[in-house]
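Here's the letter readout for the chains.
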Amino acid sequence: MYAIAGATGYVGGLLADELSERGRDVRCLARTPEKAEKRFGGRCQVARADVLEPGTLGPALEGIELAYYLVHSMGRGSDGNFVERDRRGAENF
């Protein structure tokens, strides 16, 4: 099973599509699972996870053989400190 953090983004979505088309089992990690479920229509598993909430990562990554981290937080929050959020998310992951 492969996991993709950032699967609802452009690159992550393309990767999830490609892997699932190749017959790989894919779990898409998403802050908003409904968005990922709508995007992937059952082709991939979806797990609620947020790289800025470390407690959500363990269950979402259980049983994962390979994980892709394709997350950036530029548009998240209004304090403009996306570099710090990106660093923290990557460390959590």
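Being a predicted model, the structure only gives us computed values, none of them experimental.

Draft legend 1. Geometry of the side chain of Thr56. Tracing the backbone through its elements, the reader meets Thr56 in the loop between strand S3 (45-48) and helix H3 (57-61). The class of Thr56 is buried, set by a relative accessible area of 15%. Within the structure, the side chain of Thr56 is placed 2.8 Å from the backbone nitrogen of Asp50, a separation counted as a polar contact. Those residues in contact with Thr56 that sit more than four places away from it in its chain are Arg48, Ala49 and Asp50.

Draft legend 2. Fine view of the pairing of strand S2 (residues 26-30). Burial within S2 is extensive, with five of its five residues counted as buried. Side chains Val26, Cys28 and Ala30 of S2 all project onto a buried face; the interleaved residues Arg27 and Leu29 project onto the opposite face, where all are buried too. In this sheet, S2 lies alongside strand S1 (residues 2-5) in parallel orientation, the contact comprising four bridges. Following the sheet pairing, Ala5 is matched in S2 by Leu29. Pairing of S2 with S3 involves four bridges; the strand directions are parallel. If you follow Ala30 over to S3, its bridge partner there is Arg48. Assessed by its sense of winding, the connection that carries the chain from S2 through helix H2 (residues 33-40) to S3 is right-handed.

Draft legend 3. Molecular detail of the environment of Leu52. Within the secondary structure, Leu52 is located in the loop between S3 and H3. The exposure class of Leu52 is buried, given its relative accessible area of 18%. Expressed as a C-alpha distance, the spacing of Leu52 and Pro33, which sit 19 residues apart in the sequence, is 16 Å.

Conventions adopted
- Residues numbered from 1 in each chain as written.
- Predicted model: local features only at pLDDT ≥ 70, side-chain atom pairs only at ≥ 80, totals over all residues.
- Heavy atoms only, no water.
- Helix = DSSP H or I, 4+ residues; strand = E, 2+ residues; numbered from the N terminus.
- Buried < 20%, exposed > 50% of the residue type's maximum accessible area, 1.4 Å probe, protein only.
- Polar contact = N/O pair within 3.5 Å; in protein donor to acceptor, adjacent residues only side chain to side chain.
- Contact = heavy atoms within 4.5 Å.
- Pairing = 2+ DSSP bridges.
- Right-handed = clockwise from strand over helix to strand, strands pointing away.

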